[in-house]
Amino acid sequence: MTRRQPALAAGRVVPPSGFTARLTLVSAAAMAFLAVFALALSMATGRLASRWNDELARSATVRISAPAGQMAAQTAAVLEVLNATPGVASARALSAEEMQALLGPWFGPDLPLASLPLPQLVEIVESAAGIDAEGLRLHLAAEAPGAVLDDHARWRRPLVEAAARLRFLGMVSLALIAVTTAAMIVLAAQAALAANGQVIRVLRLVGARDQFIARAFVRRFTLRALVGSALGTAAGLGAIAALPAADSAGGFLTGLGFSGAQWLAPFAIPPLAALVAWAATRAAALTMLRGIR
Amino acid sequence: MIELQSVAMNYGGGELFADVTLKLAPGSFHFLTGPSGSGKTTLLKLCYGELVPSAGQVHLFGQELRQMRRDDTARMRRRVGVVHQDCSFLDHLPLAENVALPLTVAGRAADAAELAELLAWVGLAPQAQALPPQLSGGERQRAALARAIIMSPDVILADEPTGNVDWEMSLRLLTLMVELNRMGKAVLIATHDLNLIRAAKSQVAARVLRFKGRRLQLAGADL
């Protein structure tokens, strides 16, 4: 008989379990694959929320509706007020061509712009300090009655909230995946422990400590979870990397994925899955062992 | 080493036995006999901590059974060699590894020469690589004995070690036990085979304990 390391010996005392072992491996892989997507969803919506917040918060629009005769005068008055307002980095009236470009997607390129009573738009770029929207509104009302300030807060807030909610759901999905993985491994470990009841009793009778018996099972399930989730994570990352590239105008669907250092986050999935498997199997084994003297 | 004081056992459906006092000292040789169901196996289980008595005290190597933690029980069992009635092997491991199992679980490597010597002593050298289900009843009993003594225990407990074997093999197993007893080990054999007990009396000063009317008695010379 050859000399053998105790850890390997502990693994050998439990008979090999072909089919259930593969099931654990496949389930761990599937869970890791899903976890990669949940993580990608969380990170993509997180990025989206902060991008909307940043970009939209730093711009505002003043819309001037006035009779044709007064338009030029009110525009000048609005620009004058804006240039004197703290927190405004720059303010600029949109030209007819720019208005045409904005309206083009809705009305087509042949829109006779000059014949329509369109409001004049003034684009404001805010400085980092931001503007006092209420104060500016009052000021504008006094100087140019046809001017309305839109700081985008009204439609920005629900979008940012939706993105934040999606991000939260992504996190909940990750937590659910972790819990399901633990439950699945506990079930598999309990099945293995029950199937090996005779082996465990024999080991106990010849003087095996609980740690020794538990280790035989814990080792197996931890390794299976680690290998399975590594395969699943690799497949998930491959699938995300193979998604069509997101352009700057892309919505949240094409933006699904990781950017920069975020690509490192999925690599935490296999060690975490192994940790969950370790804790779950250990708890199941020690609970079962308490029933055997 | 093993001491039972006024021990009673009750499985819930009435009392199995009561007021059992027994002391296994180094070098002693005991037989335990009595009708089926009188509590022979239960008494052996008390001696290696698989059961806890309903009343009375069991001291195993100085520790009270109820105060032993699970790891204490594991360590105590490394000092007690048990030959179980049903042998209980790990069927997926070859005989040699089964015999060396107590060493494996204690984290020690088996010495190949010692293991070979032990297997030769019980006459199982040719079967070293066979799986337990391939062995005959007598071979399993001898393998169980080899496993029971590989840790060089202080006490050997055997539950019907000659249950499934012919007379010739019974005598061989008995001779092995007597040899161990001469090496200073305490031996307790539960059996209902009176011929075996008579055969032993010519080889060793054995005391015979008998269950009768829920009490354990020292049997006289009538055997």
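Read on for a plain summary of the structure. None of the values given here were measured: they were computed from a predicted structure.

Cut-offs applied
- Residues numbered from 1 in each chain as written.
- Chains lettered and ligands numbered in written order.
- Predicted model: local features only at pLDDT ≥ 70, side-chain atom pairs only at ≥ 80, totals over all residues.
- Heavy atoms only, no water.
- Helix = DSSP H or I, 4+ residues; strand = E, 2+ residues; numbered from the N terminus.
- Buried < 20%, exposed > 50% of the residue type's maximum accessible area, 1.4 Å probe, protein only.
- Polar contact = N/O pair within 3.5 Å; in protein donor to acceptor, adjacent residues only side chain to side chain.
- Phe/Tyr/Trp six-rings, centres within 6.5 Å; stacked < 30°, edge-to-face > 60°.
- Lys NZ or Arg CZ within 6 Å of the ring centre and 35° of its normal.
- Pairing = 2+ DSSP bridges.
- Axes fitted to C-alpha atoms, helices over the stretch in contact; angles between N-to-C directions.
- Contact = heavy atoms within 4.5 Å.
- Lys, Arg positive; Asp, Glu negative; His and termini not counted.
- Salt bridge = Lys/Arg side-chain N within 4 Å of Asp/Glu carboxyl O.
- Core = buried A, V, L, I, M, F, W, Y, C linked by side-chain atoms within 4.5 Å.
- Parallel < 35°, antiparallel > 145°, perpendicular 65-115°, else oblique.
- Left-handed = near helix turned anticlockwise from the far one by under 90°.
- Nonpolar A, V, L, I, M, F, W, Y, C, P; charged D, E, K, R; others polar.
- Buried area = accessible area lost by both parts, 1.4 Å probe.

**Focus: the side chain of Thr-45 of chain A**
Residues and elements named next belong to chain A.
In step 1: Mapped onto the elements, Thr-45 comes out in helix H2 (residues 18-57).
In step 2: According to the relative accessible area criterion, Thr-45 is buried, its value standing at 1%.
In step 3: Of note is the side chain of Thr-45, whose polar atom sits 2.7 Å from the backbone oxygen of Leu-41.

**Brief notes about the packing of aromatic side chains**
All names here are of chain A.
In step 1: For the structure on display, the rule yields 4 aromatic pairs over all chains.
In step 2: Between Phe-33 and Phe-37, the ring centres sit 5.2 Å apart and the planes meet at 55°, which makes this aromatic pair tilted. Note that Phe-33 and Phe-37 are positioned in helix H2 at a spacing of 4 residues, about one turn of the helix.
In step 3: On the basis of relative accessibility, which here comes to 30%, the residue Phe-33 falls in the partly exposed class.
In step 4: Exposure remark for Phe-37: the relative accessible area of 25% places this residue in the partly exposed category.
In step 5: One cation-aromatic arrangement involves Arg-224 over Phe-221; the distance from NZ or CZ to the ring centre is 4.8 Å.

**Digging into the environment of Asp-54 of chain A**
In step 1: Among the structural elements, Asp-54 of chain A can be located in helix H2.
In step 2: On a C-alpha basis, the gap between Asp-54 of chain A and Ser-42 of chain A in space is 18 Å, while along the polypeptide they are 12 residues apart.

**What about the sheet that holds strand E10 (residues 215-218) of chain B?**
All names here are of chain B.
In step 1: The strand order across the open sheet formed by 6 strands is E6-E7-E8-E3-E9-E10, and the pairing between neighbours is mixed. Unpaired on one side and paired on the other, strand E6 (80-83) and E10 mark the two borders of the sheet. Each strand axis lies, on average, 20° off the axis of its neighbour in the sheet, ignoring direction.
In step 2: Alignment of E6 against strand E7 (residues 155-159), held across 4 bridges, turns out to be parallel. Residue pairing in the sheet places Val-83 in a bridge with Ala-158 of E7.
In step 3: Contacts from helix H8 (residues 194-201) reach strand E3 (29-33) and strand E9 (207-212), with the element oriented near 165° to E3.

**Digging into the side chain of Asp-159 of chain B**
Residue and element names in this part refer to chain B.
In step 1: Note that Asp-159 resides in strand E7.
In step 2: In this structure, Asp-159 is buried with no salt-bridge partner, the nearest side chain bearing the opposite charge being Lys-40 at 6.9 Å.
In step 3: Here Thr-41 takes part through its side chain, which lies 2.9 Å from a polar atom of the side chain of Asp-159.
In step 4: Aside from chain neighbours lying at most four places away, what touches Asp-159 is Thr-41, Leu-44, Val-83, His-84, Gln-85 and Ala-190.

**Quick word on the nonpolar core**
Residue and element names in this part refer to chain B.
In step 1: Ranked by internal contacts, the top residues of the largest apolar core, which has 47 residues, are Phe-29, Phe-31, Val-99, Leu-145, Ile-150, Leu-174 and Met-177.
In step 2: Counting residues per element, the ones that place at least two in this core are E3, helix H3 (95-99), helix H5 (112-121), helix H6 (137-149), E7, helix H7 (167-182), strand E8 (186-190) and H8.
In step 3: At 7 residues, H7 tops the list of elements feeding residues into this core.
In step 4: Setting aside residues no more than four positions away along its own chain, Met-177 makes contact with Phe-29, Leu-145, Ile-156, Ala-158, Pro-161, Val-187 and Ile-189.

**Here's the deal with the pattern of salt bridges**
Residues and elements named next belong to chain A.
In step 1: Enumeration over the complete set of coordinates arrives at 10 salt bridges over all chains.
In step 2: Arg-92 is the salt-bridge partner of Glu-98, the closest N and O atoms lying 3.0 Å from each other.
In step 3: Note that Asp-210 and Arg-204 form a salt bridge whose closest N and O atoms lie 3.2 Å from each other.

**A word on the packing of H7 of chain B against H8 of chain B**
Residue and element names in this part refer to chain B.
In step 1: Axis separation between H7 and H8 bottoms out at 11 Å; the angle between their running directions is 45°. Compared by their axis directions, H7 and H8 come out oblique. Classified by chirality, the crossing of H8 by H7 is right-handed. Along the contact surface, H7 presents Trp-167, Ser-170, Leu-171 and Leu-174, while H8 presents Asn-195, Leu-196, Ala-199 and Ala-200.
In step 2: Per-class residue counts for the contact of H7 with H8 are 6 nonpolar, 2 polar and no charged.

**A short note on the environment of Asn-195 of chain B**
In step 1: Within the element layout of this structure, Asn-195 of chain B appears in helix H8.
In step 2: Note: C-alpha distance between Asn-195 of chain B and Trp-167 of chain B (28 residues apart in sequence) is 9.3 Å.

**As for the interface of chain A and chain B**
In step 1: Across the contact, 26 residues belong to chain A and 32 residues belong to chain B.
In step 2: Where chain A abuts chain B, roughly 2,500 Å² becomes buried across the two surfaces, and 58% of that area is made up of carbon and sulfur atoms.
In step 3: The tally of links from chain A across to chain B stands at 3 salt bridges.
In step 4: With a shortest N-O distance of 2.4 Å, Arg-70 of chain B and Asp-210 of chain A are connected by a salt bridge.
In step 5: Here chain A and chain B share 12 residue pairs in polar contact (both at pLDDT 80 or more) between them.
In step 6: Secondary-structure elements contributing two or more residues to the side of chain A that touches chain B are helix H1 (6-12), helix H7 (197-205) and helix H8 (210-241) of chain A.
In step 7: Top contributing element to the side of chain A that touches chain B by residue count: H7 of chain A, with 6 residues.
In step 8: For the side of chain A that touches chain B, the class distribution of residues is 16 nonpolar, 2 polar and 8 charged.

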